[in-house]
Amino acid sequence: SVTVDAPEVDLSHLPRVTQELVAPPFVPAHEQVASTGPRVVEVRLEIEEKLMVVDEDTGAEVWALTYGGSVPGPMIVCHEGDYVEVTLVNPPTSVMEHNVDFHASTGALGGGGLTHVYPGEEVVLRWKATKPGTFVYHCAPGGEMIPYHICHGMNGAVMVLPRDGLKDGEGNPLSYDKVVYIGEQDYYLPMDDDGNYKTYEFAGGDYSDSLAAMRGLVPTHVVFNGAVGALTGEGALKAKVGETVLMVHTQANRDSRPHLIGGHADFLWEGGSFSDAPMTGFETWFIRGGAAGAAMYTFKQPGVYAYVTHNLIEAVLLGATGHFVVEGQWDNDLMAQLKEPGPIST
Amino acid sequence: SVTVDAPEVDLSHLPRVTQELVAPPFVPAHEQVASTGPRVVEVRLEIEEKLMVVDEDTGAEVWALTYGGSVPGPMIVCHEGDYVEVTLVNPPTSVMEHNVDFHASTGALGGGGLTHVYPGEEVVLRWKATKPGTFVYHCAPGGEMIPYHICHGMNGAVMVLPRDGLKDGEGNPLSYDKVVYIGEQDYYLPMDDDGNYKTYEFAGGDYSDSLAAMRGLVPTHVVFNGAVGALTGEGALKAKVGETVLMVHTQANRDSRPHLIGGHADFLWEGGSFSDAPMTGFETWFIRGGAAGAAMYTFKQPGVYAYVTHNLIEAVLLGATGHFVVEGQWDNDLMAQLKEPGPIST
Amino acid sequence: SVTVDAPEVDLSHLPRVTQELVAPPFVPAHEQVASTGPRVVEVRLEIEEKLMVVDEDTGAEVWALTYGGSVPGPMIVCHEGDYVEVTLVNPPTSVMEHNVDFHASTGALGGGGLTHVYPGEEVVLRWKATKPGTFVYHCAPGGEMIPYHICHGMNGAVMVLPRDGLKDGEGNPLSYDKVVYIGEQDYYLPMDDDGNYKTYEFAGGDYSDSLAAMRGLVPTHVVFNGAVGALTGEGALKAKVGETVLMVHTQANRDSRPHLIGGHADFLWEGGSFSDAPMTGFETWFIRGGAAGAAMYTFKQPGVYAYVTHNLIEAVLLGATGHFVVEGQWDNDLMAQLKEPGPIST
Ligand SMILES: [Cu+2]
Ligand SMILES: [Cu+2]
Ligand SMILES: [Cu+2]
Ligand SMILES: [Cu+2]
Ligand SMILES: [Cu+2]
Ligand SMILES: [Cu+2]
Ligand SMILES: [Mg+2]
Ligand SMILES: [Mg+2]
Ligand SMILES: [Mg+2]
Ligand SMILES: [Mg+2]
Ligand SMILES: [Mg+2]
Ligand SMILES: [Mg+2]
Ligand SMILES: [Mg+2]
Ligand SMILES: [Mg+2]
Ligand SMILES: [Mg+2]
């Protein structure tokens, strides 16, 4: 290994903190401006292979390969200069080998080369967060297993905040009231000759069918939070008029173009880098496949906002729609219905 | 409704102006730098469901759902801080319910939640233009009708200019001699088993066939101004050497990558926001699906320029090619044919 | 022709230099900061139609249409203000007409309108490099032949450096130790009813089959340097820890999203324009179809880095993977394997 004989690094002088990971669309508790110097942030990622319903209407299912049991996996939050110490656990109940590649890290295929774990194994990897921004992590076990695992949900995000927090283009601080973490997943679910989704008895059972479907590059489903409707109804996101929300959107494999129907991106780190000034005033933004980006919006009106990828075929027919439910007072200056729908007057 | 009981807003002190909308690729007469304070800009959008030929060569047709009878619908132009007062009219001859979602506006699904009109109805919506830039508007009647209406041509653009006009990255004013408004439309026209485009007797008759075709995400046609060849030949755009043209490109549903063959984007607002400095010197730019962007170019040579999406399969085989015909004096300093095609000399 | 009767331009006072073109992923020797004033840079592009293996595993072949015998064609390097004088040679052994459209040039369809050469012909075109950046060039013989030639490999890149070299966002000079030139090619290889790739006896023999395959917009192969595996194994790229590499990525027809697994873009000219400040700290970037962009990275760790388009289906199943092999000392501060894979401890 390239790491053999490299000088040891002693980080025992740094404070350590354990970050409790939470399922998306939520994110771990964190400071926006770091109140301390660099720390070692310990996280535990437990792999889980599980059968998930992708679309209740059709009964389409997938043997999802997950970090932490969710699609996407939990977000890790730290500050630039921190060290992330990940314990990756592949339980004995798994049937597959997994690993993890952190786009935020440097070297060894993002850690993928140092973290292969068979069922019943764990590994500990530490990496330094040198670039501020939002970044994808994903499984990359090698060869055709790479797209297979990613397209079965095995991806998540890291947010590396600047130590002194986010800034606008003039250096003024930007802060948010909450973060929502929207992981978009493309699935390529095999169908039988009658157009019905096939079912499989165990994780990996769909391997050759899946590869054939993936090769066509057209997903059967594009969803947020793992399933059609996961972020609508009971799963809808909440906000209030006047609240500022940071929307982190991750897509580990395929381009996306988020849009908040009725809102905007006031500030936008489209490629996810926090080392550049944000763009402003966007209607629709672009997530490069294999990237996580961030948009900040202060809600100005109450009501339901649909958050979609604005290929509206994908949003509506393939599943990529979530909802924000926003409470507060309507502002007729911004928008007013001057005449209700009714007979044509002229 | 969220708007019930909201305080009324009195704009009776503001000047009012009626904007006469014109069919694309043209845009309404307008000031680049506003000579007054904010105004109320009244526009009338009349819906028209009509059978249109998409490709004369094959006879492919679509029951287009349109604003104003054109694909895309007419551009609305205003300045930041203006109020746009839209009368949306669905004539009794229509068979479908429609509405309109303005990406430039704030709240109520971009107005979509306040503008549902059945055949024989009209509605009046007013919204404030708070973000400068070029923005999509489109029909979004709900559920699967959303992509259906958008993919049948029901979309257009709003241009919100900064009150003091466009600026370069150093704050110097930028002005244009003309605006061309290029609306790109993806169609998914159903074919029969022999590969011939199907015909339908009325608007909406293709509903289930269309949804099936759209789900595959591969359009049969990608066109400018509604049909193959609409912006070539008699429909070609005109310019002169030395003229500066602002090219507004809108794509309501699908990514595009405009390129002017033989020219460039001298200045580029790729995501359409005029609140950020333009990028400069681009060969090819990117319109996020569900967005409108703007590129400014000063023509330097005479001749025919093809304006394409630079997936050249889409440009040539699916239809996304327009022409600029530019008059003026050739400049041999920029380009010269030093030796005509002829026998190989060495 | 528009160029008839235009005043002649005398460049006889300028120094002339002949640039020896080299096959990708290499680039011609060049200065990063120009030590002289503008020059005339002479290059010779010899067309070659040749049968190439696209994938050794399946035996898939293409009658490639090439500049210089490689896919992509050789990179041309100059500085802003230079004149590029191209001799385009179509040998008598060719069966097709070709030409060349330089996105970096101005007018006459990028020179495409002045460079049509039949087998046995040559032409000389001179154009001025007015915009700094990385740019695509490609064949565009007209109509359906345009996407046909481009999708058969007939494209390359020009790099126009600022006379005083590259700069960061604060105007500080940026220099590189080497340039790698990664041309991504999408192929749409026809298959027979059994799913086997068809073979053809001569260039152009696949014309109607190819057009049918291209129309579906889903490539069978997406490769770097013309073939699956061309930039892996013996073809892998080389670097050392501490070296700064400029990665120029060109895609003449289709969007791409490059990612360096285990690394980043420290500096990024995503749309390829060197007249704007580079973005910084990107995980994954976006090449607009029909454009060339540039990313600069200083390697910090030894090992193998995969360079991919991060639609990982395309990277792994369709071929778009290259390797950097980087030598040097591992840095445990950036990344350390604290515990090797082994039994789960808790
Ligand atoms: Cu895995
Ligand atoms: Cu990755
Ligand atoms: Cu409608
Ligand atoms: Cu929309
Ligand atoms: Cu050619
Ligand atoms: Cu081109
Ligand atoms: Mg359903
Ligand atoms: Mg729900
Ligand atoms: Mg990112
Ligand atoms: Mg035709
Ligand atoms: Mg025409
Ligand atoms: Mg826009
Ligand atoms: Mg193979
Ligand atoms: Mg190889
Ligand atoms: Mg470029």
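Computed from a predicted structure; not experimentally measured. (Residues numbered from 1 in each chain as written. Chains lettered and ligands numbered in written order. Predicted model: local features only at pLDDT ≥ 70, side-chain atom pairs only at ≥ 80, totals over all residues. Heavy atoms only, no water.)

## Thoughts on the relation of the copies chain A and chain B
- Each copy superposes on the other: chain A lies on chain B with an RMSD of 0.0 Å after a rotation of 120° and an axial shift of 0.0 Å. On this basis, the relationship between the two copies can be described by a three-fold rotation axis. Minimal C-alpha separation from the rotation axis in chain A is found for Val-218 of chain A, amounting to 5.0 Å.
- Looking at the interface residues of chain A, only 4% of them are also at the interface in chain B, so each copy uses its own face. (Least-squares fit on C-alpha atoms with pLDDT ≥ 70 in both. Contact = heavy atoms within 4.5 Å.)

## Section: the side chain of Thr-134 of chain C
All names here are of chain C.
- Within the secondary structure, Thr-134 is located in strand E8 (residues 133-138).
- Since its relative accessible area comes to 1%, Thr-134 is described here as buried.
- There is a polar contact of 2.7 Å between the side chain of Thr-134 and the backbone oxygen of Ala-292. (Helix = DSSP H or I, 4+ residues; strand = E, 2+ residues; numbered from the N terminus. Buried < 20%, exposed > 50% of the residue type's maximum accessible area, 1.4 Å probe, protein only. Polar contact = N/O pair within 3.5 Å; in protein donor to acceptor, adjacent residues only side chain to side chain.)

## As for helix H2 (residues 207-215) of chain B
- Buried within H2 of chain B we find Ser-210, Leu-211 and Met-214 of chain B. Looking down the long axis of H2 of chain B, one finds its buried residues gathered within 100° of arc, a one-sided arrangement. The exposed set on the far side of H2 of chain B, more than 90 degrees from its buried face, consists of Ser-208 and Ala-212 of chain B.
- Turning to H2 of chain B, the residues buried within the fold contact helix H3 (312-316) of chain A together with helix H1 (145-150) of chain B.
- Phi turns positive one or two residues past the end of H2 of chain B, at Leu-217 of chain B, with a value near 70°. (Arc of directions from axis to C-beta.)

## As for the coordination of the magnesium ion (ligand 15)
- Bound to the magnesium ion (ligand 15) are the protein donor atoms Glu-283 of chain B (OE), Thr-134 of chain C (O) and Ala-292 of chain C (O), situated 2.0 to 2.4 Å from the metal. With one member in each of two chains, Glu-283 of chain B in the loop between strand E18 (279-282) and strand E19 (291-298) and Thr-134 of chain C in strand E8 form a pair that bridges those chains. Side by side, Glu-283 of chain B and Thr-134 of chain C carry an identical accessibility label, which is buried. (Donors = N, O, S within 2.8 Å, 3.2 Å for Na, K, Ca; no water.)

## Description of the interface of chain A and chain C
- Contact with chain A, which involves 69 residues of that partner, is made by 51 residues of chain C.
- Both faces considered, chain A and chain C share a buried interface measuring about 4,800 Å² in area, 58% of it formed by carbon and sulfur atoms.
- Counting the surface chain A buries against chain C, the share from its top three residues, Thr-106, Glu-122 and Leu-217 of chain A, is 14%.
- Counting across the interface, chain A meets chain C through five salt bridges.
- In this structure, Lys-131 of chain A and Asp-266 of chain C form a salt bridge, with 2.4 Å as the shortest nitrogen-oxygen distance.
- On inspection of chain A and its partner chain C, the count reaches 34 residue pairs in polar contact (both at pLDDT 80 or more).
- Taken together, the elements giving at least two residues each to the side of chain A that touches chain C come down to strand E5 (83-90), strand E7 (121-128), strand E8 (133-138), helix H1 (145-150), helix H2 (207-215) and strand E19 (291-298) of chain A. (Buried area = accessible area lost by both parts, 1.4 Å probe. Salt bridge = Lys/Arg side-chain N within 4 Å of Asp/Glu carboxyl O.)

## Quick look at the relation of the copies chain A and chain C
- Aligned on chain C, chain A shows an RMSD of 0.0 Å; the corresponding rotation is 120° and the shift along the axis is 0.0 Å.
- Of the residues that chain A buries at the interface, just 3% are likewise interface residues in chain C, meaning the two copies contact each other through different surfaces.

## As for the pairing of strand E17 (residues 265-269) of chain B
Residue and element names in this part refer to chain B.
- With four of five residues buried, E17 lies mostly within the body of the structure.
- In the sheet, E17 pairs with E18 via three bridges, with the strands oriented antiparallel. What sits directly across from Ala-265, in E18, is Phe-282.
- Here E17 pairs with E19 via three bridges, running antiparallel. Among the inter-strand pairings, Leu-268 is bridged to a residue of E19, identified as Ala-295. (Pairing = 2+ DSSP bridges.)

## Digging into the coordination of the copper ion (ligand 2)
- Taken together, the protein ligands of the copper ion (ligand 2) are His-103 of chain A (NE2), His-138 of chain A (NE2) and His-310 of chain C (NE2), with distances of 2.0 Å. Taken together, the residues span two chains, with His-138 of chain A in strand E8 and His-310 of chain C in the loop between strand E20 (303-309) and helix H3 (312-317). Each member of the pair, His-138 of chain A as well as His-310 of chain C, is classed as buried.

## What about the sheet that holds E8 of chain A?
Residue and element names in this part refer to chain A.
- Spatially, E4-E9-E8-E6 is the arrangement adopted by the four strands of the open sheet, whose pairing is mixed. Sheet topology places strand E4 (76-79) and strand E6 (101-102) at the edges, where each strand pairs with a single neighbour.
- When E8 meets strand E9 (residues 155-161), the two strands line up antiparallel, connected through six bridges. Paired with His-138 across the two strands is Asn-155, which belongs to E9.

## Brief notes about the confidence of the model for chain A
- Considering every residue of chain A, the mean pLDDT works out to 98; 100% of them sit at 70 or more.
- Complex prediction metrics read pTM 0.98 and ipTM 0.97. (pLDDT = per-residue confidence, 0-100.)

## Here we look at the interface of chain A and chain B
- On the side of chain B, 69 residues touch chain A, which itself brings 51 residues to the contact.
- When residues of chain A are sorted by the area they lose upon contact with chain B, Glu-283, Leu-317 and Met-335 of chain A head the list and together hold 14% of the total.
- At the boundary of chain A with chain B, the tally comes to five salt bridges.
- Between Arg-257 of chain A and Asp-255 of chain B there is a salt bridge, with its nearest N and O atoms 2.6 Å apart.
- Put simply, chain A and chain B have 34 residue pairs in polar contact (both at pLDDT 80 or more) between them.
- At the level of elements, strand E18 (279-282), strand E20 (303-309), H3 and strand E22 (335-343) of chain A are the ones that each hand at least two residues to the side of chain A that touches chain B.
- The element contributing the most residues to the side of chain A that touches chain B is E22 of chain A, with nine residues.
- Split into classes, the residues belonging to the side of chain A that touches chain B amount to 25 nonpolar, 16 polar and 10 charged.
- For E22 of chain A and strand E7 (residues 121-128) of chain B, the ladder comprises six bridges, and the chain directions are antiparallel. What sits directly across from Lys-339 of chain A, in E7 of chain B, is Val-124 of chain B. (Nonpolar A, V, L, I, M, F, W, Y, C, P; charged D, E, K, R; others polar.)

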